[in-house]
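Next come the chains, spelled out residue by residue.
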Amino acid sequence: MTRKKLFITGASGFLGWYLCKAAQLDWDVYGAVNRNAIDCPGIAALPIDLTDRDALRDSIQNLRPDAVIHAAALSRPNDCQMNPDESFAVNVRASLNLAEYCGALEIPCAFISTDQVFDGSNPPYAETAPVAPVNLYGEHKVMAEEGMSARNPKTIVCRMPLMFGVSPHAQIFLQSFVSTLQAGQPLKLFTDEVRTPVSGQTAAQGILLALREGPSCLHLGGTERISRYNFGKMLAKILNCSEQLLQACQQADIRMAAPRPADVSLDSSLAFKLGYSPSSVEAELRQIFSTSTT
Ligand SMILES: NC(=O)c1ccc[n+]([C@@H]2O[C@H](COP(=O)([O-])OP(=O)(O)OC[C@H]3O[C@@H](n4cnc5c(N)ncnc54)[C@H](OP(=O)(O)O)[C@@H]3O)[C@@H](O)[C@H]2O)c1
């Protein structure tokens, strides 16, 4: 039987690696890459700059995928705040173009959005909560959510929490936490920034579930609301590092380009009803460090 084709943008990114690994069990996966490569055997890499409208249209029209997961983005809020034009080009304009081409083919497209569409003042947030981003990254994600849904009724907005893992594609905060703690260096962590984190592996399972079920919007947070500081305490325990290395601080103590919302915990009850079942953060961290050499 011919397998269906799935086009994943951002395949060379942190989440992209987990998506490629999980999706290839059921799909023929084609991964868009830009500056980096895909370190995942069996995935067909398609080099493309998504801000090149014609190249994007040709890729979609030539490949004619059965479904798309759009995970590519300028993904760091500080980068977006400092490079607003690039953020708009990648996070908004390219997303809307992609939605137009998916709409023309009448195929589903899971759009990877963020808990940072909320302002953090009234958690936990269900899918029906009004959006109110506090930084440009969040604003551009909201513009993409709305514009993509208008251009393609089969858009599935997947709002993601903070994700952690040891994807070989990208260094995220977990690796720097680990190397700081293992070097015996102090680690400053916010006590007043709260999220509902999940591993990249769990996140990928949730996104594939969303693609199967097809809701217009789905929150894919974990089951626990946890501050960065408490996340660090859990990590120190698992790595057998001294908790004394952790220094509690507040968002206001550190100057950053992008304002940060305080508590953008997601209410993911709808996803849980559909079968999404993240393990506890501690169990996910233990599993990551039992199978990695980081
Ligand atoms: N990481 C988190 O905790 C988190 C939380 C909530 C939501 N999200 C969202 O989840 C998605 C994935 O995040 P991530 O952490 O995996 O990001 P990432 O590691 O920074 O990866 C970004 C991906 O986007 C691609 N990309 C960027 N500009 C491009 C362009 N012009 N053309 C083609 N591809 C381009 C990159 O390709 P190259 O590397 O090949 O250049 C890379 O594959 C993003 O939409 C992000 O906003 C992430």
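Refer to the structure presented above.
Residues numbered from 1 in each chain as written. Predicted model: local features only at pLDDT ≥ 70, side-chain atom pairs only at ≥ 80, totals over all residues. Heavy atoms only, no water.

**Let's talk about the overall build of the protein**
Across its full length, the protein carries 10 helices and 13 strands. Relative to the 2.2 N^0.38 estimate, which gives 19 Å for 294 residues, the radius of gyration of the protein is 19 Å and therefore close to what a compact globule would have. Across its three principal directions, the C-alpha atoms of the protein cover 55 × 40 × 35 Å. Within the span of the protein, comprising 294 residues, buried residues form 55% of the whole. Excluding contacts between residues fewer than 6 apart, the proportion of contacts in the protein whose partners are at least 24 apart in sequence is 77%. Surface summary for the protein: the accessible area is close to 13,100 Å², and the carbon and sulfur share equals 47%. (Helix = DSSP H or I, 4+ residues; strand = E, 2+ residues; numbered from the N terminus. Rg over C-alpha atoms; globule rule 2.2 N^0.38 Å. Buried < 20%, exposed > 50% of the residue type's maximum accessible area, 1.4 Å probe, protein only. Contact = heavy atoms within 4.5 Å. Areas by Shrake-Rupley, 256 points an atom, 1.4 Å probe, with all protein chains shown as cover.)

**Some points on the packing of helix α8 (residues 228-238) against helix α10 (residues 281-291)**
Orientation of α8 relative to α10, taken along the N-to-C sense of each, is 40°, at an axis distance of 10 Å. With respect to α10, the element α8 is oriented oblique. In this structure, α8 crosses over α10, and the sense of that crossing is right-handed. Contacts from F231, M234, L235, K237 and I238 in α8 reach V281, E282, L285, R286 and F289 in α10. Its residues assigned to classes, the contact of α8 with α10 comprises seven nonpolar, no polar and three charged. (Axes fitted to C-alpha atoms, helices over the stretch in contact; angles between N-to-C directions. Parallel < 35°, antiparallel > 145°, perpendicular 65-115°, else oblique. Left-handed = near helix turned anticlockwise from the far one by under 90°. Nonpolar A, V, L, I, M, F, W, Y, C, P; charged D, E, K, R; others polar.)

**Regarding the packing of helix α2 (residues 53-63) against helix α4 (residues 84-105)**
At their nearest, the axes of α2 and α4 sit 10 Å apart, and the two run at 30° to each other. Here α2 lies roughly parallel to α4, going by the angle between them. Both α2 and α4 take part in a crossing whose hand is right-handed. Within the contact between the two elements, α2 uses R53, L56, R57 and I60 and α4 uses A94, N97, L98, E100, Y101 and L105. Taken together, the residues of the contact of α2 with α4 break down into six nonpolar, one polar and three charged.

**Things to note about the pairing of strand β4 (residues 67-70)**
Neither face of β4 is left uncovered, since the one carrying A67 and I69 and the one carrying V68 and H70 both have all their residues buried. Looking at chain direction, β4 and strand β5 (residues 109-114) are connected through three bridges and run parallel. Pairing of I69 across the sheet is with A110, part of β5. (Pairing = 2+ DSSP bridges.)

**Some points on the site of the ligand**
In the vicinity of the ligand, 29 residues are found, and the nearest of them are S12, L15, S75, Y137 and K141. Interatomic distance of 2.8 Å between a side-chain N/O atom of K141 and an oxygen atom of the ligand. When the ligand is considered free in solution it has 910 Å² of accessible area, and contact with the protein chains removes 90% of it. Ranked by residue count, the leading element in the shell around the ligand is β5, at three residues. Classifying every residue of the shell around the ligand gives 16 nonpolar, nine polar and four charged. (Near = heavy atom within 4 Å. Polar contact = N/O pair within 3.5 Å; in protein donor to acceptor, adjacent residues only side chain to side chain.)

That is the geometry; function is a separate question.
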